[in-house]
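Coordinate inspection notes
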Amino acid sequence: MVTPAFDVIVVGGGPAGLMASIAAQTSGASTLLIEKGNKLGRKLGISGGGRCNVTNAKPLPELIQNIPGNGRFLHSALHRFSNEDVWAFFEGLGIRLKEEDRGRVFPVTDKAATVVQALVNKVYDVGVEIWENCPVTGLVTDNGRIAGVSTHRHALVAAKAVVIATGGCSVPKTGSTGDAYPWARAVGHTIVPPYPTEVPLTSDEWFIRKRALQGLSVRNTTVTLLDDRKKKLTVEHGDLLFTHFGLSGPVALRCSHYVSTTHRKRPGIRLLAQVDGHPERSLQELVDELFHRKSAQPKRHLSNVLSDLLPERLAHVVLETLGIARDIPMTDIQNVKLEEVAKQTKRFPVAITGTLPLAQATVTGGGVSVKEIDPRTMASKVCKGLFFCGEVMDVHAHTGGYNITVAFSTGHLAGASAAEYAAVSSVEPVEQP
Ligand SMILES: Cc1cc2nc3c(=O)[nH]c(=O)nc-3n(C[C@H](O)[C@H](O)[C@H](O)COP(=O)(O)OP(=O)(O)OC[C@H]3O[C@@H](n4cnc5c(N)ncnc54)[C@H](O)[C@@H]3O)c2cc1C
């Protein structure tokens, strides 16, 4: 049997690799997509709670702001193939999309399978050759330039250009297991050690250990994350969920990048999340309300008054953390203590010990260093003919459709650039006997 040679090989059939193979083939390159699993777009199929938050409709500067992991590196890619292009691409495939809150875009069907199927159909329609159940085992180079890849079955599948789109290493059952890091390292790339992002936060506070607040959600809150020197690391807005291990929900996930990156520099340090337990009112309004209640309802217990303003369980925990008895009548509590209660409510402190592990993270931080990738083409700066796209690179975004946008945008650029490179490359790939 002769193994055919290709202009471009794309490794990995996630959103980045699917888009890269479409872009490469439609740019005139004979393209092979190799996927190790038996299904293309597996992670895409579970994304967005099974609905696939396929992009975000916010303007470009806001997209970049929502990409805390090297967002500025993506300027060129997002200009070349933007969130509007993602929208137009799917509408062109007959998939209607809709915008929800905070710019999040979903298919009208509310089914991720709609997006996956449309993409996969397009890959077939344009004529990409697809090999499934075929794990790539490494890159093959010749004189510092790409010659192809090896697989578990072939010593060499030859190509003029290779696009690596193997993803990160979170939720490994989807196929993203960090396979490409050693290959990239072997040809001279630096790998920023992977770490969990967009992941729940852990805490050892007594009210977490005792599950006193488990299941409680605080809508539209603000969380301020401070380090051990009280330096503000970030201020994030959104919904928060108390769990049996710590904090979850969109606002906790948004903080996780800062927890992980701080822990990488200073392992084991305790951070502090200040949760605004009553986001509808300012601190002064809350103090005024408590003073007003004191004169209007002098005999009521403080915990009952506070439970009018906060979820009851949170009200009890606030008082317990301040060492104030629940059954103290309003008239017996000093104003200065009421001010403390208001402050504790607005800046409810939760010590943060870390995050859940990488395997449980939505996104992988770290990966192939972007310093060694040309942002205008996604080409490796250290190995000719090699290109990267998607989560395998040291880029990551907040949840909200930004990560899939990054995958599509960099996939499109990498695929088109690889085809362009293959068109002018003087080296002919060799068919293997
Ligand atoms: C539960 C969950 C929900 C999410 N929801 C959203 C969302 O709604 N919106 C959003 O923007 N982002 C979301 N994300 C993040 C988003 O899914 C990822 O950022 C995105 O899938 C990354 O795309 P990728 O193509 O780079 O990698 P992946 O999607 O991880 O695809 C990589 C592919 O490469 C293949 N591969 C790996 N190694 C090899 C090898 N050796 N040989 C051949 N193939 C290989 C894998 O099998 C896999 O198919 C979610 C993530 C998770 C885990």
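What you are looking at is a predicted structure, and each value in this text was computed from that prediction instead of being measured. (Residues numbered from 1 in each chain as written. Predicted model: local features only at pLDDT ≥ 70, side-chain atom pairs only at ≥ 80, totals over all residues. Heavy atoms only, no water.)

All right, on to the overall build of the protein chain then. Scanning the protein chain from N- to C-terminus turns up 14 helices and 19 strands. C-alpha atoms of the protein chain, sized along the principal axes, occupy 90 × 45 × 35 Å. Within the protein chain, the fraction of its 433 residues that count as buried is 57%. Contacts in the protein chain between residues far apart in sequence, at least 24 positions, make up 72% of those at least 6 positions apart. A total of about 18100 Å² of accessible surface is found on the protein chain, and carbon and sulfur atoms cover 50% of it. (Helix = DSSP H or I, 4+ residues; strand = E, 2+ residues; numbered from the N terminus. Buried < 20%, exposed > 50% of the residue type's maximum accessible area, 1.4 Å probe, protein only. Contact = heavy atoms within 4.5 Å. Areas by Shrake-Rupley, 256 points an atom, 1.4 Å probe, with all protein chains shown as cover.)

Turning to the environment of Glu391, a few remarks are in order. By the secondary structure assignment, Glu391 is in the loop between strand E19 (386–388) and helix H14 (402–424). For Glu391, the contacting residues outside a window of four places in its chain are Gly167, Gly168, Ser170, Val363, Thr364 and Gly366. Within the structure, the side chain of Glu391 is placed 2.9 Å from the backbone nitrogen of Thr364, a separation counted as a polar contact. (Polar contact = N/O pair within 3.5 Å; in protein donor to acceptor, adjacent residues only side chain to side chain.)

Taken as a whole, the protein chain is organised into domain 1 (6–193 + 363–424) and domain 2 (200–355). Here the C-alpha centre of domain 2 lies 40 Å away from the C-alpha centre of domain 1. Between domain 1 and domain 2, the residue contacts involve eight residues of the former and six residues of the latter. Taken over both partners, the interface formed by domain 1 and domain 2 buries close to 570 Å², and the fraction arising from carbon and sulfur atoms is 49%. (Domains from an automatic or database assignment. Buried area = accessible area lost by both parts, 1.4 Å probe.)

This part covers the site of the ligand. Taken together, 33 residues are adjacent to the ligand, and Glu35, Ser176, Asp179, Glu391 and Ile404 come closest. At a separation of 3.0 Å, an oxygen atom of the ligand approaches a polar backbone atom of Ala16. Here Gly401 contributes a backbone N or O atom positioned 3.5 Å from an oxygen atom of the ligand. Computed on the free molecule, the ligand has an accessible area of 1000 Å², of which 93% lies beneath the protein chains in the complex. If you list the elements that add at least two residues to the shell around the ligand, you get helix H1 (15–26), helix H2 (42–46) and H14. No other element matches the four residues that H14 contributes to the shell around the ligand. Across the shell around the ligand, the residue classes tally to 13 nonpolar, 15 polar and five charged. (Near = heavy atom within 4 Å. Nonpolar A, V, L, I, M, F, W, Y, C, P; charged D, E, K, R; others polar.)

Read across the sheet, three strands follow the order E3-E5-E4 without closing on themselves; strand pairing throughout is antiparallel. Each end of this open sheet is capped by a strand with a single partner; those strands are strand E3 (55–56) and strand E4 (97–99). As judged from the three bridges shared by E4 and strand E5 (residues 104–107), these two strands associate in the antiparallel manner. Bridge pairing links Glu99 to Val105 in E5. (Pairing = 2+ DSSP bridges.)

Below, the discussion takes up the sheet that holds strand E17 (residues 354–355). With antiparallel pairing, seven strands are arranged side by side in an open sheet as E16-E15-E12-E13-E14-E11-E17. Pairing within the sheet leaves two strands with one partner each, and these edge strands are strand E16 (348–352) and E17. Inspection of the sheet shows strand E15 (residues 271–275) paired to E16 by five bridges, in the antiparallel sense. Directly across from Gln274, in E16, lies its bridge partner Pro349. Sheet contacts for helix H13 (residues 335–346): E15 and E16; angle to E16, the most-contacted strand, approximately 45°. (Axes fitted to C-alpha atoms, helices over the stretch in contact; angles between N-to-C directions.)

What follows covers the packing of helix H12 (residues 312–322) against H13. Closest axis-to-axis distance for the H12/H13 pair is 10 Å, and the angle between their directions is 120°. As judged from the angle between their axes, H12 and H13 are oblique. As for how H12 packs across H13, the hand of that crossing is right-handed. In contact with Val318, Leu319, Thr321 and Leu322 of H12, H13 contributes Glu340, Val341, Gln344 and Thr345. Of the residues assigned to the contact of H12 with H13, the class counts are four nonpolar, three polar and one charged. (Parallel < 35°, antiparallel > 145°, perpendicular 65-115°, else oblique. Left-handed = near helix turned anticlockwise from the far one by under 90°.)

We now examine the pattern of salt bridges. All told, the structure shown has 20 salt bridges when counted by the stated rule. A salt bridge links Asp204 to Arg270; its shortest N-O distance comes to 2.9 Å. Pair noted here: Asp204 is in the loop between strand E11 (201–202) and helix H8 (206–209) and Arg270 is in the loop between helix H9 (250–265) and E15, with a separation of 66 residues, a long-range link. Here Asp204 falls in the partly exposed class, since its relative accessible area comes to 31%. Linking Lys346 and Asp276 is a salt bridge whose minimum nitrogen-to-oxygen distance equals 2.7 Å. In this pair, Lys346 is assigned in helix H13 and Asp276 in the loop between E15 and helix H10 (283–296), connecting sequence segments 70 residues apart. Relative accessible area serves as the criterion here: at 12%, Lys346 is assigned to the buried category. A single network of salt bridges, built from pairs that share partners, joins Arg51, Lys98, Glu100, Asp101, Arg102, Arg104 and Asp110. (Salt bridge = Lys/Arg side-chain N within 4 Å of Asp/Glu carboxyl O.)

Let us look at the packing of helix H11 (residues 302–309) against H12. Each packed pair of helices is defined by two parameters, the angle between the axes and the distance between the axes. Close contact between H11 and H12 brings their axes to 8 Å; oriented N to C, the two are set at 130°. With respect to each other, H11 and H12 are oriented oblique. H11 and H12 meet at a crossing whose hand is right-handed. On the side of H11, the interface is formed by Leu302, Ser303, Leu306 and Ser307, while H12 contributes Glu312, Ala315, His316, Val318 and Leu319. Here the contact of H11 with H12 is composed, by residue class, of five nonpolar, three polar and one charged.

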